[in-house]
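Overview (structure and organization)
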Protein chains: 2
Amino acid sequence: MVSGRPGRPAASVSYPAEDGLSSREALLETALQFFSERGFKGTSIRDIANALEISVSNIYHYFGSKEGLWLAIMEYSVKSLPLRLENSLLAITDPLERLHALVMAHLTVSASQQRELKMIMLDHDRMSAAGVQANLDIQRRVLAIYIRELEALRQGGLISTGNVRILAFNILAVINWQLRWFRPDGPLSAAEVHAEIVKFIFHGLSGK
Amino acid sequence: MVSGRPGRPAASVSYPAEDGLSSREALLETALQFFSERGFKGTSIRDIANALEISVSNIYHYFGSKEGLWLAIMEYSVKSLPLRLENSLLAITDPLERLHALVMAHLTVSASQQRELKMIMLDHDRMSAAGVQANLDIQRRVLAIYIRELEALRQGGLISTGNVRILAFNILAVINWQLRWFRPDGPLSAAEVHAEIVKFIFHGLSGK
DNA sequence: GTCTGAATAGAACGTTCGTTCTAGAAGGCG
DNA sequence: CGCCTTCTAGAACGAACGTTCTATTCAGAC
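Broken down by element type, chain A carries 10 helices and zero strands. Beginning at the N terminus, the succession of helices and strands in chain A can be written as α-α-α-α-α-α-α-α-α-α. Taking all 208 residues of chain A together, the buried fraction comes to 50%. Residue pairs in contact within chain A that sit at least 24 positions apart in sequence constitute 65% of those at least 6 positions apart.

Have a look at this one:
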């Protein structure tokens, strides 16, 4: 024995984490904060470990690698996005109502998982194949859902567009862009922003 | 003298650059390509130098630092964006026509400087204060132009919105998002995409 | 009580990073 | 020609990076 205090924390003081989080949970939470603010390349594992005042060994113990940590965050959150969007459509048949429900569900998830969704939007960092592939896969599946719903609208004569794909990108644009500029602690409420976005998607500048 | 081939290239072969670009111009072009694809943090100066098969010393000779190279690209391109947008409005008085001209000008610049504008949109890389400040400054000035024009529309009773700021963000969303997904060499023409975007901004899903 | 495995610390490794330093080659000018 | 500035190469440096390794402590099973 040399010195220091390795091994489990002394039980009396809740050591590494704020609150009652386990080390693993604290790592996920802290990594999420850093990744969503500074991206994958912009965040070092020492940043994360130092913020929690623990050793970097913990990251390798729990997640194997830096990318494993990224994928673990994706796993418990963002990965479910396509399914959650599909679920919002289950009981609805009217095409316009379906799209409205889809957008609302998307905005709701955005509000509750702003940082997680920001992570997959910063795709210009290059992580190794598996990581970037997981990101792209989720984005593709979400895009496919929107295209499918818009195509139904178009065939029903409810919208007139030359290209549903461009339309889908435009809708995703306003939803995803909001992740960049909206501040939950700012002057605007999430409900207010969501209402404006929905209005813009369905009627553009001209309002309702 | 040891070996190798330092000094100016042998005049017969146009050495470092493809085509007739000077070393400085070739560096700007190559750096632009890397920065727009992989961001500031994701691009190393050795990436850039190796792609041109020259030494990293050139970057320090011409630009002083990695960030100086970034700022030089901004200087000769993106920095003029706010002015170019203002110029598009000079002869127009009708508020709706002004906004239309603004959007068209913005899309035109986007088409000719897609990579440059992408650079300032990847703001999640953290470069030192001066660099990130220049980025934010440009984005703020563009936002201010849109807000000013939308406010004029609102006061003229031509649009009904609860918040022109959100509206401005929504318009910037579709314009900037297009930088991410549009591929000039893809199946869609720029004109086609621009027309759809304008239609979406002014009328949303419902089309014209 | 002893053993085993999970959890943690801290040093160390090899690589890559941005940058600096030293020096050589070419061009312009007298 | 000789001189000075510009341009270029390449080695080297210190810091930071992701990762590995070794060692230690605690909790629980027996």
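Next comes the rest of the account.
All chains considered together, the criterion is met by 13 aromatic pairs over all chains. Seen from their ring centres, Phe 40 of chain A and Trp 70 of chain A are 5.4 Å apart, and the 90° between their planes marks the pair as edge-to-face. A residue pair is termed long-range when its members are at least 10 positions apart, and Phe 40 of chain A in the loop between helix H1 (23–38) and helix H2 (45–52) and Trp 70 of chain A in helix H4 (residues 66–76) qualify at 30 residues. This pair shows no difference in class: Phe 40 of chain A is buried, exactly as Trp 70 of chain A is. An angle of 85° between the planes, with centres 6.2 Å apart, marks the rings of Trp 181 of chain B and Phe 182 of chain B as edge-to-face. Exposure class is identical for Trp 181 of chain B and Phe 182 of chain B. Each is buried. Positioned above the aromatic ring of Phe 40 of chain B is the side chain of Lys 66 of chain B, whose terminal nitrogen or guanidinium carbon lies 4.4 Å from the ring centre. A cation sits over an aromatic face here: Arg 180 of chain B above Trp 177 of chain B, 4.4 Å from the ring centre.

If you look at the interface, chain A gives 46 residues, while chain B gives 46 residues. Buried surface at the junction of chain A and chain B, both sides included, amounts to about 4,100 Å², of which 62% is carbon and sulfur. Taken together, the links from chain A to chain B amount to zero salt bridges. Inspection of the chain A/chain B interface yields 12 residue pairs in polar contact (both at pLDDT 80 or more). Within the residue set of the side of chain A that touches chain B, elements represented by two or more residues are H1, helix H7 (114–121), helix H8 (129–155), helix H9 (164–181) and helix H10 (190–203) of chain A. In terms of residues, the side of chain A that touches chain B owes the most to one element, H9 of chain A, which gives 12 residues.

With that settled, the discussion passes to the relation of the copies chain A and chain B. With an axial shift of 0.0 Å and an RMSD of 0.0 Å, the rotation relating chain A to chain B amounts to 180°. Such a turn and shift between the copies fits a two-fold axis. For chain A, the minimum C-alpha distance to the rotation axis belongs to Gly 204 of chain A and amounts to 1.9 Å. Here 100% of the interface residues in chain A have copies in chain B that are interface residues too; the copies meet face to matching face.

Attention now goes to the side chain of Glu 116 of chain B. When you line up the elements, Glu 116 of chain B lands in helix H7 (residues 114–121). Setting aside anything within four residues of it in sequence, one finds Glu 116 of chain B in contact with Leu 32, Tyr 76, Ser 77 and Val 78 of chain B.

Two quantities define a packed helix pair, namely the angle between the axes and the distance from one axis to the other. Residue and element names in this part refer to chain A. For the pair H1 and H7, the least separation of the axes is 8 Å and the interaxial angle reads 50°. One element, H1, and the other, H7, form an angle in the oblique class. Considering the relative orientation of H1 and H7, their crossing is left-handed. Side by side, H1 and H7 meet where Glu 29, Leu 32, Gln 33, Phe 35 and Ser 36 of the first sit next to Arg 115, Glu 116, Lys 118 and Met 119 of the second. Looking at side-chain class alone, the contact of H1 with H7 contains three nonpolar, two polar and four charged residues.

So, how was this worked out
- Residues numbered from 1 in each chain as written.
- Chains lettered and ligands numbered in written order.
- Predicted model: local features only at pLDDT ≥ 70, side-chain atom pairs only at ≥ 80, totals over all residues.
- Heavy atoms only, no water.
- Helix = DSSP H or I, 4+ residues; strand = E, 2+ residues; numbered from the N terminus.
- Buried < 20%, exposed > 50% of the residue type's maximum accessible area, 1.4 Å probe, protein only.
- Contact = heavy atoms within 4.5 Å.
- Phe/Tyr/Trp six-rings, centres within 6.5 Å; stacked < 30°, edge-to-face > 60°.
- Lys NZ or Arg CZ within 6 Å of the ring centre and 35° of its normal.
- Buried area = accessible area lost by both parts, 1.4 Å probe.
- Salt bridge = Lys/Arg side-chain N within 4 Å of Asp/Glu carboxyl O.
- Polar contact = N/O pair within 3.5 Å; in protein donor to acceptor, adjacent residues only side chain to side chain.
- Least-squares fit on C-alpha atoms with pLDDT ≥ 70 in both.
- Axes fitted to C-alpha atoms, helices over the stretch in contact; angles between N-to-C directions.
- Parallel < 35°, antiparallel > 145°, perpendicular 65-115°, else oblique.
- Left-handed = near helix turned anticlockwise from the far one by under 90°.
- Nonpolar A, V, L, I, M, F, W, Y, C, P; charged D, E, K, R; others polar.

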